[in-house]
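Fold and geometry: a report
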Amino acid sequence: MSPPDSAATAPAATLAPRPAASPAYRRILLKLSGEALMGAHSYGIERETIDRIVAEVGEVVRLGVQVAIVIGGGNIFRGVAPGAAGMDRATADYMGMLATLMNALALQDALRRAGVESRVQSALRIDQVAEPYIRGRALRHLELKRVVIFAAGTGNPFFTTDTAAALRGREMSVDIVLKATKVDGVYTSDPQVDSQARRYESLTFDEAIARRLKVMDATALALCRDQNMQLKVFSIFVPGALKRVVMGEDEGTLVHC
């Protein structure tokens, strides 16, 4: 009887598992417009939309990425905007700040239901519902893997939540600011109007300002540029886009110095 074929009886070689890819960023700031929460509605908050956004944020948190969020208030203020026509600008801006706080509380509640721990910090003192903005405390929350939601903008009228995102991003020493929009990047012109519009893979802050591309307001862009803080613009409505950005994949438009 011939000896068994050693090649046939030898145990199959086991392949070592490939190491999982690591996130490209350790700490991010996500700028969410209030309009991102509206879904198909003309104003307000759509439950399905906020739950989907929260699911994507939770996935990034579970990758070990520290996440801060600046939220806008356009979805709520839009409902009262006709009545605010002719109103003193500072008063209208404070109303807008209160709208961001309402969105922040809704976002925090959705994160809680998804099992993601978070804290709301407000630039306006409303201690019954949110912590006051304290930089050291916010940094500690991030280190403890809590999502920090910054509400009420900078706490000052005449400054947008885009500027608040640039400011808080620098204060939190984030690796990148991510601006979530309705389109998948920055285009040469409005892609909904111009079929020839081309998406930029990257551009400089000076180019964005000079070409008036409306990536962010000029104050926010200048602050990012002066602090050498990268900005990525992408669509929050594309499933998985946030994770792909965090993993360093080709998604959206990178704005840099």
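Sequence order sets the numbering: in each chain, residues are counted from 1 along the sequence as written. The predicted origin of the model limits local features to residues at a pLDDT of at least 70 and limits the giving and counting of side-chain atom pairs to 80 or more, whereas totals for whole chains, interfaces and linings rest on all residues. With hydrogens and water excluded, all non-hydrogen atoms of the structure serve as input to the side-chain values.

1. Comments concerning the overall build of the chain
Spelled out, the test is: Secondary structure counts use DSSP, requiring at least four H or I residues in a row for a helix and at least two E residues in a row for a strand, with both numbered from the N terminus. Categorising residues by exposure relies on relative accessible area from a 1.4 Å probe, with only protein chains included: less than 20% of the type maximum marks a residue as buried, more than 50% marks it as exposed, and the intermediate range marks it as partly exposed. For this analysis, residues touch if any pair of their heavy atoms sits within 4.5 Å.
Each helix and strand in the chain was counted, giving nine helices and nine strands. Looking at the chain as a whole, 46% of its 257 residues qualify as buried. Taking all contacts inside the chain whose residues are at least 6 apart in sequence as the whole, residues at least 24 apart take part in 72%.

2. A word on the state of the cysteines
Disulfides are covalent bonds that link the sulfur atoms of two cysteine residues. The condition is simple: Pairs of cysteine sulfur atoms within 2.5 Å are what we label disulfides.
One pass over the full model with this rule turns up zero disulfides. For the unlinked cysteine cysteine 224, the closest cysteine sulfur is that of cysteine 257, found at 8.6 Å. We classify cysteine 257 as partly exposed; its relative accessible area is 46%.

3. What to know about the sheet that holds strand S4 (residues 131-132)
Counted only if it meets this: Paired strands, in this sense, are two strands between which DSSP finds at least two bridges. Convention adopted: a line fitted to C-alpha atoms gives each axis, helices being fitted over their contacting stretch, and angles between N-to-C directions are expressed from 0 to 180 degrees.
One open sheet holds the nine strands; their spatial order is S4-S3-S5-S2-S1-S6-S8-S9-S7, and the pairing between them is mixed. Only two strands of the sheet have a single partner each, and these edge strands are S4 and strand S7 (202-204). Note that strand S3 (residues 118-122) and strand S5 (residues 147-151) share five bridges and pair parallel. In the strand pairing of S5, serine 122 is matched with alanine 151. Here helix H6 (residues 161-171) sits on the sheet and contacts strand S1 (27-32), strand S2 (66-71), S5 and strand S6 (176-181); the angle it forms with S1, its principal contact strand, is near 170°.

4. Overview of the packing of aromatic side chains
Given two aromatic rings, one states the distance between the centres and the angle between the planes to describe the pair. Rules: Aromatic contacts are taken between Phe, Tyr and Trp rings whose centres are within 6.5 Å, Trp giving its six-membered ring; a plane angle under 30 degrees counts as stacked, one over 60 as edge-to-face, and the others as tilted. Look at NZ for Lys and CZ for Arg. If either is within 6 Å of the ring centre and within 35 degrees of the ring normal, a charge sits over the ring.
Overall, the coordinates contain one aromatic pair when judged by the stated rule. Between tyrosine 133 and phenylalanine 150 the ring centres are 5.6 Å apart and the planes differ by 75°, which places this aromatic pair in the edge-to-face class. Pair noted here: tyrosine 133 is in the loop between S4 and helix H5 (135-143) and phenylalanine 150 is in strand S5, with a separation of 17 residues, a long-range link. This pair shows no difference in class: tyrosine 133 is buried, exactly as phenylalanine 150 is. Over the ring of tyrosine 133 we find arginine 168, and its NZ or CZ is 3.8 Å from the ring centre.

5. Section: the pattern of salt bridges
Our working definition: We define a salt bridge as a contact between a side-chain nitrogen of Lys or Arg and a carboxyl oxygen of Asp or Glu at a distance within 4 Å.
One pass over the full model with this rule turns up 18 salt bridges. Salt-bridge contacts for arginine 47 lead to aspartate 51; the nearest nitrogen and oxygen are separated by 3.2 Å. Here arginine 47 and its partner aspartate 51 are both found in helix H2 (residues 47-62), four residues apart, which amounts to about one turn of the helix. By relative accessible area, which is 47% here, arginine 47 ends up partly exposed.

6. Examining the confidence of the model for the chain
Selection criterion: The pLDDT score gives, residue by residue, the confidence of the prediction method on a 0 to 100 scale.
For the chain, the mean per-residue pLDDT works out to 89, and 89% of the residues sit at or above 70. In this model residues 6-13 is a low-confidence stretch, pLDDT under 50, and it forms one contact with partners more than four residues away in sequence or in other chains.

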